[in-house]
Number of protein chains: 2
Amino acid sequence: MEFPSKLLEKAVDEMSQLPGVGKRTALRLMLHLLKQNPDRTTHLAEALMKMRHDIKFCKSCFTISDIDMCDICSNNHRDHQTICVVEDVRDVMALENTQLYKGVYHVLGGKISPMDGIGPSQLNITSLVEKVKAGNVKEIIFALSSTMEGDTTNFYIFKQIKDCNIITSTIARGIAVGDELEYADEVTLGRSLMYRVPFENAFKNV
Amino acid sequence: MEFPSKLLEKAVDEMSQLPGVGKRTALRLMLHLLKQNPDRTTHLAEALMKMRHDIKFCKSCFTISDIDMCDICSNNHRDHQTICVVEDVRDVMALENTQLYKGVYHVLGGKISPMDGIGPSQLNITSLVEKVKAGNVKEIIFALSSTMEGDTTNFYIFKQIKDCNIITSTIARGIAVGDELEYADEVTLGRSLMYRVPFENAFKNV
């Protein structure tokens, strides 16, 4: 693309480095900003800078937080002996949304993915194993994505903590609520059959 | 969505005000930035600010430019008596890409669209009519989108300049190069038949 302005080109270049944003999309967004009041752009740029430079990660669970210890970890009403292992803050938000979980979290910051150059050392795994070995943990719930990378990460952590005397579990795989059976893939359907639950339990807490 | 951090929430809010960017996409982009070097965010924010606050619009054709008069308008080798009327800078870039146009442009800055609250007074129409009435224009080529809004804008401008002694034309509508005939809509196909071109002309300049 030949740009009539270096300033526009630079902004489009920077914007299109974000994942899923191509040059054309970036250009469309920039033209939108140019039509708006300059304050809009100032607010956006300031919010980005503030977020990137002032944001903190909870010392205990590594979720994103404005303070050193996040609201969940510093809440005495939560069960600190139950830890749910998740990939990133979006999963924490999704699980909190269910209002069914009273334990705490441990945010890995990603999944083991050799294809993307992400090994165990780049994730918050050591600190989780240390927590378990310190002896204050009763249950670890694995809540990673049901993908090859998610399963690899699950097993990698499980191998390191399986000799500690704790309960480990993974969230249930099965037919999503509202889904038609005929459209489910066979692995999901198979698992939902293998790990069927007693009828009277199935509609609890919902 | 319940955010664990106000800084993150603010950044997601600002980002999701861009067209086509929802809250989930914005959150994904923010988490990406948080994983990158802080410099990336600084560069992006600075590029946005610089673009919005320092960019200029050409005094003559209203396209985006770093200088008061754009490269095209200040080029003596271009035909300044032929003006191509376009919606925005993307159209200028697309037409320049063909390397077939030697005239100059006039960027309206949008189309007349009562649904979006855009009337003729918000577009650079008066200045175009003045250029024509000043008498230095030989031909006006309308190159707006082939939509209701584009046609409305075409007619609005045409009505004001039709009594001036100039040539007016619109870019040809027809089957796109590489398209299969069977998938063309009937209006396009009809027009391509009505405005057929002499065979020997069809492959000129390509």
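Here the residue numbers are simple positions, counted from 1 along each chain's written sequence. Chain A is the first chain written and ligand 1 is the first ligand written, with later ones labelled in order. pLDDT decides what is reported in this predicted model: residues at 70 or higher carry local features, side-chain atom pairs at 80 or more are listed and counted, and totals for whole chains, interfaces and linings draw on all residues regardless. Side-chain calculation: all heavy atoms of the structure are included, whereas hydrogens and water are not.

*Asks:* An account of the sheet that holds strand 5 (residues 139-142) of chain A is needed here, citing residue identities and associated values.
*Replies:* Residue and element names in this part refer to chain A. Two strands pair if DSSP finds at least two bridges between them. To qualify as a helix, a DSSP run of H or I must reach at least 4 residues; to qualify as a strand, a run of E must reach at least 2; elements of each kind are numbered from the N terminus. Reading across the sheet, the four strands line up as 4-3-5-6 and stay open at both edges, with parallel pairing between neighbours. Unpaired on one side and paired on the other, strand 4 (103-107) and strand 6 (167-170) mark the two borders of the sheet. The average angle at which neighbouring strand axes cross in this sheet is 25°, direction not considered. Where strand 3 (residues 79-86) lies against strand 4, five bridges are found, and the strand directions are parallel. Its bridge partner lying in strand 4, Cys 84 is registered against Tyr 105. Sitting on the sheet, helix 4 (residues 89-98) is in contact with strand 3 and strand 4, with an inclination near 160° to strand 4. The contact definition used throughout considers only heavy atoms, calling two residues in contact when any of these lie within 4.5 Å. To obtain an axis, a line is fitted to C-alpha atoms, over the contacting stretch when the element is a helix, and the angle between two such axes runs from 0 to 180 degrees between their N-to-C directions. Packed onto the sheet, helix 6 (residues 148-161) meets strand 3, strand 5 and strand 6 and runs at close to 165° relative to strand 5.

*Asks:* Tell me about the domain arrangement of chain A, residues and numbers included.
*Replies:* Where each domain starts and ends comes from a domain assignment, either automatic or drawn from a database. Domain parsing of chain A yields domain 1 (6-54) and domain 2 (75-171). Distance between the C-alpha centres of domain 1 of chain A and domain 2 of chain A: 35 Å.

*Asks:* Give a description of the pairing of strand 6 (residues 167-170) of chain B that names residues and reports values.
*Replies:* Along any regular strand the residues' side chains alternate between the sheet's two faces. Residue and element names in this part refer to chain B. As defined by bridge partners, strand 5 (residues 139-142) adjoins strand 6 across four bridges and the pair is classed as parallel. Following the sheet pairing, Glu 139 is matched in strand 6 by Ile 167. Assignment of crossover handedness uses the view with strands pointing away from the viewer, where a clockwise path from the first strand over the helix to the second indicates a right-handed crossover. Tracing the backbone out of strand 5, into helix 6 (residues 148-161) and back to the parallel element strand 6 gives a crossover that is right-handed.

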